[in-house]
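Here is what each chain is made of, one letter per residue.
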Amino acid sequence: MTGTVYKLEVNPRIPQQLERMHELANNLWYSWDRPTRGLFASLSPSLWNLTNHNPKAFLKRADQKCLEANAENPIFLGALDRVLASYDSYHERPYMGHVPGKPFQEDDLIAYFCAEFGLHESLPIYSGGLGILAGDHCKAASDMGLPFVGVGLFYREGYFHQKLDAEGRQQASYHDSDFDDLPVSPVLDASGQELLVHINLPDRRVFAKVWEVRVGHVRIILLDTWLEQNSAQDREITHRLYGGDKTTRIEQEILLGVGGARALAALGLKPTVWHINEGHAAFLIVERVRSLISEGLPYEAALEAAAANVVFTTHTAVPAGHDHFSEEMMRRYAEHWCKNVGVSPEQVLALGAEPGSTEFNMTALAVRTSRQHNGVSRIHGNVSASILAHLWPQIDPAENPMNYVTNGVHLPTFLAPEWLETFERYLGIGWQERQVDPGNWDGIRQIPDTTFWGIRQQLKSMLLQLVRSRIREQHLRNQGSPTHLDRLLKLVDPCNPNLLIIGFARRFATYKRAALLFHDPQWLREIIGDPDRPVLFLFAGKAHPADQPGQEIIRRIAQLASQPEFEGRILLIEGYDLHLSRTLVAGVDVWLNNPIYPLEASGTSGMKAAMNGALNLSMLDGWWGEGYDDSGEVPNGWAIKPAPGHLDEAQRDAEEARTLYEILQDQVIPTYYRTGPMGYSPEWVAMAKRSIATITPRFNMIRMVNEYVQRLYAPAAEHGRRFAADGFAVARSVAEWKAKVRAAWPRVSLHSLATPEQRLPFGTSLRIEVAVQLDGLAPEDVVVELLVDRPEHHSADILYYPLTASGVTASAERIYALDLTPELCGKLEYRIRMYPCHPALIHRFELGLMVWL
Ligand SMILES: *Cc1c(COP(=O)(O)O)cnc(C)c1O
């Protein structure tokens, strides 16, 4: 059609009785409160889907007559009243209502910085696991009433939209969001103007508009550079999530860290804990150090003061996955920053240095400028301790300060509402408040199998319905024929959901090995070929547009799925997002995950599946390394044990694929189809119940955030205060002491003064003496320590004994001694070491210095 198109949006007048729906639409509380979403959807299911489940966009487009009719409809008004009553009672909950021990002071505030937040499909500022985790973290912080504020970027385009053509080629497209439609509002300053902050980059100043998102009690502050004041190029900074080139990326990160810290200051917020969630946000330290230097602190003391209350969480187990910038690029920004601060660019560059590389590493920066650091599962904690061991070069990775807090998921977001009534009945009223208590979940066993299976079938049916409509849409868009569509959908029958459904959905990053299932197509054919025991595999996920190998995997799966013997048994669904994720994890029977060990930092989708009664079949990696439990009458899922480390890639894949096939063939499929007279397998139901009961209390967000509070946030707040007291006295003295120790350490040494006995009758003691060259350090600056080990006992604890200063040798070395009386008989081994020690240190090995005899 020709002619100019003029756009016009006609907004309904919301009747006064429905006025508070605006409030509901502007608080992401709806992302986990299903009745709220149900209320909107009930007005017009088609508009609800059209607006991608976005209540704010929905209210702007709703039909005037429909609104008016419902404003007089007692049933609708009753539902609205119930939703508002629960909304109000949630928001009236007391500050820190659900944090054990109330570990914070009145003015405490945790600022949580992250490059993406995945709260709901209606706010597309996330790409995957990291964002969903951050969104869940904010939701749980709200549930707990924590003093908490999120900080992120407001991308005009979120992550890309994925379409797959008939050959499985991924087509990425981007859409600019209409900010008016999104559940965010501009933050206003004291004079009622929209609040702007700025950052200074080499040769220019960039302004950012400050927005806020309400997530229950919690606010997330988002920065946006799409402003008149900025050049066209600077407007692009927040255009696209993980978009642009390296320059865009570093400027996004400077905006997030520096701009974010400034936005908090402009809002009058003074965080007492700063959480860098993944290295992208690490530049916040730069702004804090600048502001401390402007208060008169020397650079080193400012770093100590700032680091004392910073928590850093790393989320990847792949070193190449850590953010890097070239030295040249980083130097340009550092030089500019240093001009006004009196620090040399070399000092700043050193904060991100890595041995063997000239690149500036954001993870290294984050670790060096925080005092609490953690990975996201036990395995990942160990992997991170090794990857980052160079930051504490003389410390064994097993002892270095890298800690872990295992991830969790927000239960109200991911638990299908179909469970709620049954859980309430068998777990008791208030079960959600007791979700971290394992005893709370014993009641799952009491749910009658038929009830349990009935809910499972309902969830499966809902999934099949969604799959049907998605596959249909994909197929017809790709000019597929209707008869062929019937073939594809022959197993996808919402009226007959009783078939084994296995799901695999996540980013198609190569280490996730989505195609491992097809390692031996012949064997797979045999496994799923039995017409009496149908198996349906559902795949979904996006590959980063720059990730060719990832897109290749999608093509390969599509190609195999189109072979006659797999057709209709393996389906690839495009456009993985939170909506599809919620439906998938609730509706599959088995959730499959087979990454390359140990590269899955945690993984969280399996936790979502487990709480809905799906069974995990996963590599013993990430969270499943802790979650898998075969100690009961039935196991809570299936585990693929990593192949031995000495195998090469091909052998490893073959070995692990074999395990996967054996588990499918010998366990999963027979167990599912060992159906009794009621049409389900009692053993399967027992496993599913055990999966819910053992996994939900441990891998939920409340447990996770509670651990952050008890182990990281509360101590960080305390350390921050301690370091800042009396004009930053502790920060200053720790900085001076560290400088002194670092200078002396290369010349510090110790040697043994005697060759003691090698055999000892029980009850007698052994005199151990070492001489220590302290090179100007005082005896109290170091600890000399003896470690006793029992090598024949694999899991025996190491015992530690301090040596005490006892005199001086002729050559003016300090003598340290110990009379050791072993309490155990048998073969012992002991070693002696020395490390620097200061009472104000946060981790005893934070300096990374140690010498061994
Ligand atoms: C949970 C979730 C993820 C993360 O899943 P992993 O198991 O960590 O890969 C990614 N995307 C969406 C949409 C999710 O809901």
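Note that the coordinates shown come from a computational prediction; the quantities given were computed from them, not determined experimentally.

Engineer: Describe in detail the sheet that holds strand 28 (residues 851-852), supporting the description with residues and values.
Structural biologist: What the 4 strands build is an open sheet, ordered 24-23-27-28; its pairing is antiparallel. Whereas interior strands pair on both sides, the edge strands pair on one side only; in this sheet they are strand 24 (799-802) and strand 28.

Engineer: Which residues make up the site of the ligand, and what values do they have?
Structural biologist: As a structural note, the neighbourhood of the ligand is formed by 13 residues, with K512, S581, T604, S605 and K608 the closest of them. Within the contact set of the ligand, an oxygen atom lies 3.1 Å away from a backbone nitrogen or oxygen of T604. Note that an oxygen atom of the ligand is positioned 2.6 Å from one of the side-chain N or O atoms of K608. Relative to its unbound accessible surface of 390 Å², the ligand loses 94% to contact with the protein. Residue assignment for the shell around the ligand shows that the elements contributing at least two residues are helix 7 (129-144), helix 22 (578-587) and helix 23 (605-611). Of the residues contributing to the shell around the ligand, the split by class is 3 nonpolar, 6 polar and 4 charged. No fewer than three residues from each of domain 2 (110-163 + 183-408 + 708-728) and domain 3 (434-698) sit in the shell around the ligand.

Engineer: Give me the lowdown on the packing of helix 9 (residues 246-266) against helix 12 (residues 327-339), citing residues and values where you can.
Structural biologist: Across the interface, helix 9 lies against helix 12 with an axial gap of 11 Å and an inter-helix angle of 40 degrees. Comparing the axis directions of helix 9 and helix 12 gives the class oblique. When the axes of helix 9 and helix 12 are compared, the crossing they make is right-handed. Here helix 9 contributes K246, T247, I250, E251 and I254 to the contact with helix 12, which in turn contributes M329, M330 and Y333. Of the residues in the contact of helix 9 with helix 12, the class split is 5 nonpolar, 1 polar and 2 charged.

Engineer: Can you explain the domain arrangement of the protein chain? Please cite residues and give values.
Structural biologist: According to the domain assignment, the protein chain contains domain 1 (16-91), domain 2 (110-163 + 183-408 + 708-728), domain 3 (434-698) and domain 4 (748-852). The straight-line distance from the C-alpha centre of domain 2 to that of domain 3 is 35 Å. Each partner contributes to the interface: domain 2 provides 26 residues, whereas domain 3 provides 29 residues. Interface area, domain 2 with domain 3, both sides summed: about 2100 Å², of which 60% is carbon and sulfur. It is E121, Q162 and I379 in domain 2 that bury the most area against domain 3; as a group they hold 28% of the surface buried on that side. Linking domain 2 with domain 3 are 1 salt bridge, by the criterion used here. We note a salt bridge from E121 to R582, for which the minimum N-O separation is 2.9 Å. The interface formed by domain 2 and domain 3 contains 10 residue pairs in polar contact (both at pLDDT 80 or more). Elements supplying a minimum of two residues to the side of domain 2 that touches domain 3: helix 7, strand 3 (161-164) and helix 15 (378-387). With 4 residues, helix 15 is the single largest residue contributor to the side of domain 2 that touches domain 3.

Engineer: Give a description of unusual backbone geometry that names residues and reports values.
Structural biologist: Following Y597, the chain continues into P598 via a peptide bond in cis, with omega recorded as -5 degrees. Structurally, P598 can be placed in the loop between strand 18 (590-593) and helix 23. The backbone phi angle of D775 is positive, close to 45 degrees, even though this residue is not glycine. Looking at where D775 falls in the secondary structure, it is placed in the loop between strand 22 (766-773) and strand 23 (782-789).

Engineer: Explain the side chain of T314 residue by residue, including any values.
Structural biologist: Within the element layout of this structure, T314 appears in the loop between strand 10 (310-313) and strand 11 (324-325). A relative accessible area of 1% places T314 in the buried class. Apart from the residues within four sequence positions on either side, T314 is in contact with E278, H322, T363, N374, G375, V376, H380, S384 and M402.

Engineer: Before we move on, could you go through the environment of M330 and cite the residues and values that matter?
Structural biologist: With respect to the helices, strands and loops of the structure, M330 is situated in helix 12. Put simply, M330 and N361 are 31 residues apart on the chain and 9.9 Å apart in space, counted from C-alpha to C-alpha. Among residues more than four places away in sequence, those in contact with M330 are I250, F283, V348, L349 and F360.

Engineer: An account of the pairing of strand 4 (residues 170-173) is requested, with residue identities and associated values reported.
Structural biologist: Here strand 3 runs beside strand 4; their pairing, made up of 4 bridges, is antiparallel. Each residue of the ladder has a partner; that of Q162, found in strand 4, is A172. Connecting the antiparallel pair strand 3 and strand 4 is a turn made up of 5 residues, with G168 showing a positive phi of about 85 degrees.

Engineer: Report on the packing of helix 9 against helix 10 (residues 284-294), specifying residues and quantitative values.
Structural biologist: Taken N-terminus to C-terminus, the directions of helix 9 and helix 10 make an angle of 50 degrees; their axes are 6 Å apart at the nearest point. The orientation of helix 9 relative to helix 10 falls into the category oblique. Contact residues: helix 9 offers G257, V258, A261 and R262, while helix 10 offers L284, V286, E287 and R290. Here the residues of the contact of helix 9 with helix 10 are counted per class, giving 4 nonpolar, 1 polar and 3 charged.

Engineer: I'd love a proper account of a nonpolar patch on the surface, names of residues and values included.
Structural biologist: A contiguous nonpolar patch, built from L799, L824 and L828 and spanning about 200 Å² of accessible area, is present on the exposed surface. Mapped onto the fold, L828 is located in the loop between strand 26 (814-820) and strand 27 (829-836).

Engineer: Run through the packing of aromatic side chains, naming residues and quoting values.
Structural biologist: In the structure shown here, the tally under the stated rule is 33 aromatic pairs. Plain terms: the ring middles of W453 and Y672 are 6.0 Å apart, the flat faces sit at 55 degrees to each other, and that makes the pair tilted. With W453 in helix 18 (residues 449-477) and Y672 in helix 25 (residues 649-673), this pair connects stretches of sequence that are 219 residues apart. With a relative accessible area of 1%, Y672 lands in the buried category. Taken together through their ring pairs, the aromatic side chains of W453, W638, Y672, Y673, Y680 and W684 make up a single cluster. For K542, the ring lying beneath its charged end belongs to F160, and the centroid distance is 5.3 Å.

Engineer: I'd like to hear about the pattern of salt bridges, residue by residue, with values.
Structural biologist: Opposite charge on two side chains permits them to pair, given that their charged atoms come into close proximity. In the structure shown here, the tally under the stated rule is 50 salt bridges. Between R456 and D589 there is a salt bridge, and its shortest N-O distance comes to 3.9 Å. Here the residue R456 occupies a position in helix 18, and D589 occupies one in the loop between helix 22 and strand 18, the gap between them amounting to 133 residues. Note on R456: relative accessible area 1%, which makes it buried. D589 gets classed as buried once you look at its relative accessible area, which sits at 0%. E683 is the partner of R674 in a salt bridge, and the nearest nitrogen-oxygen pair spans 2.6 Å. Of the residues examined, R674 reaches a relative accessible area of 43% and is grouped as partly exposed. Using a relative accessible area of 33% as the deciding quantity, one classes E683 as partly exposed.

Criteria and cut-off values
- Residues numbered from 1 in each chain as written.
- Predicted model: local features only at pLDDT ≥ 70, side-chain atom pairs only at ≥ 80, totals over all residues.
- Heavy atoms only, no water.
- Pairing = 2+ DSSP bridges.
- Helix = DSSP H or I, 4+ residues; strand = E, 2+ residues; numbered from the N terminus.
- Near = heavy atom within 4 Å.
- Polar contact = N/O pair within 3.5 Å; in protein donor to acceptor, adjacent residues only side chain to side chain.
- Areas by Shrake-Rupley, 256 points an atom, 1.4 Å probe, with all protein chains shown as cover.
- Nonpolar A, V, L, I, M, F, W, Y, C, P; charged D, E, K, R; others polar.
- Domains from an automatic or database assignment.
- Axes fitted to C-alpha atoms, helices over the stretch in contact; angles between N-to-C directions.
- Parallel < 35°, antiparallel > 145°, perpendicular 65-115°, else oblique.
- Left-handed = near helix turned anticlockwise from the far one by under 90°.
- Contact = heavy atoms within 4.5 Å.
- Buried area = accessible area lost by both parts, 1.4 Å probe.
- Salt bridge = Lys/Arg side-chain N within 4 Å of Asp/Glu carboxyl O.
- Buried < 20%, exposed > 50% of the residue type's maximum accessible area, 1.4 Å probe, protein only.
- Patch = residues over 30% accessible without salt bridge, like charges linked within 9 Å, V, L, I, M, F, W, Y side chains within 5 Å.
- Phe/Tyr/Trp six-rings, centres within 6.5 Å; stacked < 30°, edge-to-face > 60°.
- Lys NZ or Arg CZ within 6 Å of the ring centre and 35° of its normal.

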